[in-house]
Amino acid sequence: MRHSGVSRKEFSDFYVGAKDRCLRAAIATGMDPGRAEEAIAEAFARAWSRWPTVRLASSPAAWVVRTAINVDISWWRKRRRELIVPETPEELPRHGSDDNGHDLLDAIRRLPPRQRQVIALRYFLDLDAETTAHELGIARGTVSATLHHALKALRLQLSDTEGMLS
């Protein structure tokens, strides 16, 4: 599909501004960081091919993350008989002195899938509850309840971790 110079610039600006947030959101949903990079790249390619429609979405970044999640699910479906998938995603590798950020991401990745998705959309993409509900195809109240349970679980996980470190 051919796009005008204006839409090319608009998409380029969107990509530069949203790429890192989308990648962090995808990793927070439980994707392996390497797979997340591939899935996000594929999702941005799809967004570009559908940009006239995607740009009108309530949140193009959420569209990208949701597409990346679907790409990752398709990848796993093709390989599910070849690989044994652990119940909990592997721990993120630690780099530098940002251990607190990794502890939080590790804790998020241990949450159930729906809780990870709500956390990713609400906090990593900064979507409101209504948009999050729309993107996930659930009721607004379900978003609030899921977020409440996720934050409670995170508080427990992180306070247990702090107690173990002391």
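This one's a predicted model, so the numbers in the text were calculated from it and none came from an experiment.

What counts, and where the lines are drawn
- Residues numbered from 1 in each chain as written.
- Predicted model: local features only at pLDDT ≥ 70, side-chain atom pairs only at ≥ 80, totals over all residues.
- Heavy atoms only, no water.
- Helix = DSSP H or I, 4+ residues; strand = E, 2+ residues; numbered from the N terminus.
- Areas by Shrake-Rupley, 256 points an atom, 1.4 Å probe, with all protein chains shown as cover.
- Core = buried A, V, L, I, M, F, W, Y, C linked by side-chain atoms within 4.5 Å.
- Buried < 20%, exposed > 50% of the residue type's maximum accessible area, 1.4 Å probe, protein only.
- Contact = heavy atoms within 4.5 Å.
- Phe/Tyr/Trp six-rings, centres within 6.5 Å; stacked < 30°, edge-to-face > 60°.
- Expected span 1.5 Å × (residues − 1).
- Arc of directions from axis to C-beta.
- Polar contact = N/O pair within 3.5 Å; in protein donor to acceptor, adjacent residues only side chain to side chain.

Peer 1: Can you walk me through the overall build of the chain in this structure?
Peer 2: What the chain contains, in helices and strands, is 8 helices and 0 strands. Reading the helices (α) and strands (β) of the chain from amino to carboxyl end gives α-α-α-α-α-α-α-α. Roughly 10,100 Å² of accessible area belongs to the chain as shown, and the carbon and sulfur atoms make up 52% of that amount.

Peer 1: So what exactly am I meant to see when it comes to the nonpolar core here?
Peer 2: Here is a general trend for soluble globular proteins: nonpolar side chains tend to be buried in one another's company. Cys22 and Leu125 are the most contacted members of the largest nonpolar core, which has 44 residues in total. At the level of elements, helix H1 (5-28), helix H2 (33-49), helix H3 (51-54), helix H4 (60-79), helix H5 (99-109), helix H6 (113-124), helix H7 (129-136) and helix H8 (140-165) are the ones that each hand at least two residues to this core. It is H1 that contributes the most residues to this core, 9 residues altogether. Leaving out residues up to four positions away in the same chain, Cys22 has contacts with Ile40, Phe44, Ala61, Val64, Val65 and Leu125.

Peer 1: In this structure, what is going on with the packing of aromatic side chains? I would like to understand it.
Peer 2: To describe a pair of aromatic rings, one takes the distance between the centres and the angle between the planes. All told, the structure shown has 7 aromatic pairs when counted by the stated rule. Within the aromatic cluster, the residues linked to one another by ring pairs are Phe11, Phe14, Tyr15, Phe44, Trp48 and Trp51.

Peer 1: Can you help me understand H6 in this one?
Peer 2: Residues separated by three or four positions in an α-helix point in the same direction, a consequence of the helix having 3.6 residues per turn. Compared with the 16 Å implied by 1.5 Å per residue over 12 residues, the 15 Å span of H6 between its first and last C-alpha is a close match. Of all the positions in H6, only Gln115, Arg116, Gln117, Val118, Ile119, Ala120, Leu121 and Phe124 are classed as buried. Among the residues trailing H6, Asp126 stands out with phi positive, at a value near 60°.

Peer 1: Is there a simple way to explain H2 in this structure?
Peer 2: Across its 17 residues, H2 extends 24 Å between first and last C-alpha, which sits within 8% of the 24 Å expected from 1.5 Å per residue. Buried within H2 are the following residues: Arg35, Ala36, Ala39, Ile40, Ala43, Phe44 and Ala47. Along H2, the residues classed as buried sweep out an arc of 165° about the axis, all on the same side. Its side-chain oxygen at 3.0 Å from the backbone nitrogen of Gly34, Asp32 defines the N-terminal cap of H2.

Peer 1: Would you take a moment to explain the side chain of Gln117 for this structure?
Peer 2: Take Gln117: it is sitting in helix H6. A distance of 3.1 Å separates the side chain of Gln117 from the side chain of Arg114, its partner in a polar contact. Sequence-distant contacts of Gln117, that is, excluding residues within four places in its chain, are made with Thr29, Ile69 and Leu136.

Peer 1: Looking at this structure, how should I read the environment of Trp63?
Peer 2: Topologically, Trp63 is positioned in helix H4. Taking the relative accessible area as the measure of exposure, Trp63 reaches 23% and is therefore partly exposed. A sequence separation of 72 residues divides Trp63 from Glu135, and the C-alpha atoms of the two residues are 7.5 Å apart. Other than its neighbours up to four places away in sequence, Trp63 contacts Ala43, Arg46, Ala47, Arg50, Val54 and Glu135.

Without other data, these values stay purely geometric and don't point to any function.
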